[in-house]
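Structural features, examined
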Amino acid sequence: MDGAFATLLREGCVLTCRDFLNGEVPALGLEHPARYLSSVIEGGWHEGGYVGRPSLREGEAPFQCVEAFGPGEGERALIVLGLNLSREGTGAALTFLRSSSSPHKALLYLFSFDETLDEDGIAQAMLEPELLGMVRGTDIVVYLAMVDVRTGMSMLARIDGGERSIRYLAH
């Protein structure tokens with residue numbers, strides 16, 4: 001993603017991940033992460049001089065989506081959000097993104113290891129190398145935010161399929 005529109009979306013994705021890692025997403029935001037991301041983007045939207053608000057689309061089980069349309073020709077993005085997605089759900093989300101004609105595509109992969117998660121739930125977590133392998137050679141960017149509330153450890157990474165890279169971000 002390049003340009004002011006892409007920067008605004010990237011910052012919204014990273015801020016949402018940081019809020020998730022810091023436990024600052026309200027319960028309603030965890031139930032409806034697309035609405036939460038949309039509100040975060042909207043906050044920067046007006047500061048950046050954009051008119052209107054990002055379009056919101058929910059209901060793509062097991063994930064949710066935010067579609068954003070910028071003021072310029074072809075400025076649109078599709079961001080898929082998944083909270084504790086299963087491996088199959090992650091595959092479905094990436095297939096959905098691949099099928100989109102949107103020039104900017106991202107997956108927010110938010111995963112929390114909590115005291116209620118059993119072995120099967122933990123085995124569903126996708127790690128950075130696996131996600132990179134799934135998006136390598138595509139124009140999809142994954143924002144990976146994982147938190148283990150049992151140990152107090154967390155991680156934030158940006159995985160770029162086009163650049164074939166993983167960058168760890170401060171949070």
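My aim in this report is to walk through the structure given alongside it, one point at a time.

What follows concerns helix H1 (residues 3-21). Under the 1.5 Å per step criterion, the end-to-end length of H1 is 27 Å for 19 residues, consistent within 8% with the ideal 27 Å. Those residues of H1 lying buried are Phe5, Ala6, Leu8, Leu9, Gly12, Cys13, Val14, Thr16, Cys17, Asp19, Phe20 and Leu21.

Bringing the packing of aromatic side chains into the picture now. The tally for this structure, following the rule as stated, stands at 3 aromatic pairs. Ring centres 5.5 Å apart and planes at 45° place the aromatic pair Phe63 and Phe96 in the tilted group. In this pair, Phe63 is assigned in the loop between strand E1 (55-57) and strand E2 (64-69) and Phe96 in helix H4 (residues 87-98), connecting sequence segments 33 residues apart. Classification of Phe63 by relative accessible area gives buried; the value is 6%. Ring centres of Tyr109 and Phe111 lie 6.0 Å apart, and the angle between their planes is 15°; on these two criteria the pair is classed as stacked. Among the residues examined, Tyr109 registers a relative accessible area of 0% and is labelled buried.

A negative phi angle characterises most non-glycine residues, just as the trans form characterises most peptide bonds. Phi angles above zero are rare outside glycine, and Asn84 is one such case at about 55°. Mapping Asn84 onto the fold places it in the loop between strand E3 (76-83) and H4. In this structure, Arg164 is a non-glycine residue whose phi angle is positive, near 55°. Topologically, Arg164 is positioned in the loop between strand E6 (153-160) and strand E7 (165-168).

Scanning the model with the defined rule gives 4 salt bridges in all. The shortest N-O distance in the salt bridge between Asp160 and Arg158 comes to 3.4 Å. Among the salt bridges present, the one from Glu163 reaches Arg167, with a minimum N-O distance of 2.4 Å. Classification of Glu163 by relative accessible area gives partly exposed; the value is 47%. Arg167 sits in the partly exposed class, given a relative accessible area of 39%.

Under the criterion given, the structure shown has 1 cavity of 30 Å³ or more. As for the largest cavity, its lining consists of Thr16, Phe20, Val25, Gly29, Leu30, Pro33, Tyr36, Leu81, Leu83 and Leu110. Put simply, the parts of the chain that give the lining of the largest cavity at least two residues each are H1, helix H2 (27-31), helix H3 (33-47) and E3. A class-by-class count of the residues in the lining of the largest cavity yields 8 nonpolar, 2 polar and no charged.

The rules behind these values
Residues numbered from 1 in each chain as written. Predicted model: local features only at pLDDT ≥ 70, side-chain atom pairs only at ≥ 80, totals over all residues. Heavy atoms only, no water. Helix = DSSP H or I, 4+ residues; strand = E, 2+ residues; numbered from the N terminus. Expected span 1.5 Å × (residues − 1). Buried < 20%, exposed > 50% of the residue type's maximum accessible area, 1.4 Å probe, protein only. Phe/Tyr/Trp six-rings, centres within 6.5 Å; stacked < 30°, edge-to-face > 60°. Salt bridge = Lys/Arg side-chain N within 4 Å of Asp/Glu carboxyl O. 1 Å grid on protein atoms, 1.4 Å probe; cavity = no way out; pocket = protein on both sides within 12 Å on 5 of 7 lines; lining within 4 Å. Points joined across faces, edges and corners; volume = space filled by probe spheres on them. Nonpolar A, V, L, I, M, F, W, Y, C, P; charged D, E, K, R; others polar.

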